[in-house]
Amino acid sequence: MVEVQNKRVILKHQLSGFMKETDFEIMVGSVKLGVGDASNAVLVKNLYLSCDPYQRSLLTTPGSPVPGFGVGKVVSSSHPGFEPGDLVWGMTSWEEYSLIIEPKILLKIEHADMPLSFYTGLLGMPGFTAYIGFFKKGAPKKGETVYVSAASGAVGQLVGQFAKLHGCYVVGSAGSKEKVDILKEKFGFDDAFNYKEEPDLEAAIKRYLPDGIDIYFENVGGKMLDAVLPNMKTGGRIVVCGMISQYNLSGHEGVQNLIYLIRTSIRMEGFRVMDHYHLHPKFLDMVIPHIKEGRINYLEDFAEGLENGPAALVGLFHGRNVGKQVVVISRE
């Protein structure tokens, strides 16, 4: 069996506080290009890796490669659902080749006419998260008002566009003037603001959404959630997708304004996108025609090479990326 080099991004030690590039190291080993005696296993050559804030919670095992979503090509398989040459996306590891035993989240790519990198974002987990969160949990109605935090990120940029296609009024927040301009000019948000320039978030949200919020798509948590709660309309829905402000804290921030859940009959609900993957084909049926018709835009930020993966992942928590952060291993 042929053996080849396998470069990997390894977690060096237990994390404390905000991640740093020095928490990771690049190691080079080798891998046999076959699944051996493993049953229901797939050996994948990784092509594109997804950088996502939730990965912070997965980084618990020093000495192991970084886990996360990616796009790859099947090299060898003993799994009945996959054959060599298949293009796939799903859970993998930050290395050139990954042996995935009994893959639970690995989907075959049926629409290879789309850019493969899209399956780390627009057509993959982030896009599907936006779809499930907005349509299934937010239950939007035409004409409603939607607010999206971290709106220029992989999920937020799509939530805003889905909302506009559904006939909603959409406001987003981001962390720079450049990103605010992108929200309005590229993604079609009705309005947007830079939260870093607002000393009073509650007042800022009131200024941009004076009539209140029907649906808040939550990506930030902490002070942002506290500022949103008094600005929700009666019967409003808060879709809790992520809380990036909390992932690197040793103790999570408290929320002061939960009383508004009662005062204005707000429904706040979190979800795990992995519980809904049976709906992924329905999502593709909806989104691919919009892409082909030019009704959905998507912005990607590429980091070339595994060695640049740690900087790309750390950069998510400092707002360095503009659009969906992708690590390119190979464009094959």
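Let us look at the structure shown here.

### Points about the pattern of salt bridges
Part 1 of the argument: Scanning all chains against the criterion turns up 16 salt bridges.
Part 2 of the argument: With its nearest N and O atoms 2.7 Å apart, the salt bridge here joins arginine 8 to glutamate 95. Of this pair, arginine 8 sits in strand β1 (residues 3-11) while glutamate 95 sits in the loop between β5 (87-93) and β6 (97-101); the two residues are 87 residues apart in sequence, bridging distant segments of the chain.
Part 3 of the argument: Judged by relative accessible area, which is 28%, arginine 8 ranks as partly exposed.
Part 4 of the argument: Judged by relative accessible area, glutamate 95 falls into the buried class, the value being 5%.
Part 5 of the argument: Measuring nitrogen to oxygen at the nearest pair gives 2.8 Å for the salt bridge that ties lysine 177 to aspartate 181. Of this pair, lysine 177 and aspartate 181 both sit in helix α3 (residues 177-185), separated by four residues, roughly a single helical turn.
Part 6 of the argument: Accessibility expressed as a relative area gives 22% for aspartate 181, which makes it partly exposed.
Part 7 of the argument: Among the charged side chains, a salt-bridge network with shared partners connects Lys137, Arg267 and Glu269.

### Here's the deal with the sheet that holds strand β12 (residues 232-240)
Part 1 of the argument: If you trace the six strands from one edge of the open sheet to the other, you get β10-β9-β8-β11-β12-β13, paired in parallel fashion. Sheet topology places β10 (191-194) and β13 (267-270) at the edges, where each strand pairs with a single neighbour. The mean inter-strand angle of the sheet, taken between neighbouring strand axes irrespective of direction, is 15 degrees.
Part 2 of the argument: Those strands touched by helix α4 (residues 201-208) are β8 (145-148), β9 (169-174), β10 and β11 (213-218), and its axis lies near 160 degrees from that of β10.

Rules and cut-offs
- Residues numbered from 1 in each chain as written.
- Predicted model: local features only at pLDDT ≥ 70, side-chain atom pairs only at ≥ 80, totals over all residues.
- Heavy atoms only, no water.
- Salt bridge = Lys/Arg side-chain N within 4 Å of Asp/Glu carboxyl O.
- Helix = DSSP H or I, 4+ residues; strand = E, 2+ residues; numbered from the N terminus.
- Buried < 20%, exposed > 50% of the residue type's maximum accessible area, 1.4 Å probe, protein only.
- Pairing = 2+ DSSP bridges.
- Axes fitted to C-alpha atoms, helices over the stretch in contact; angles between N-to-C directions.
- Contact = heavy atoms within 4.5 Å.

Take it as geometry only, folks, not as evidence of what the structure does.
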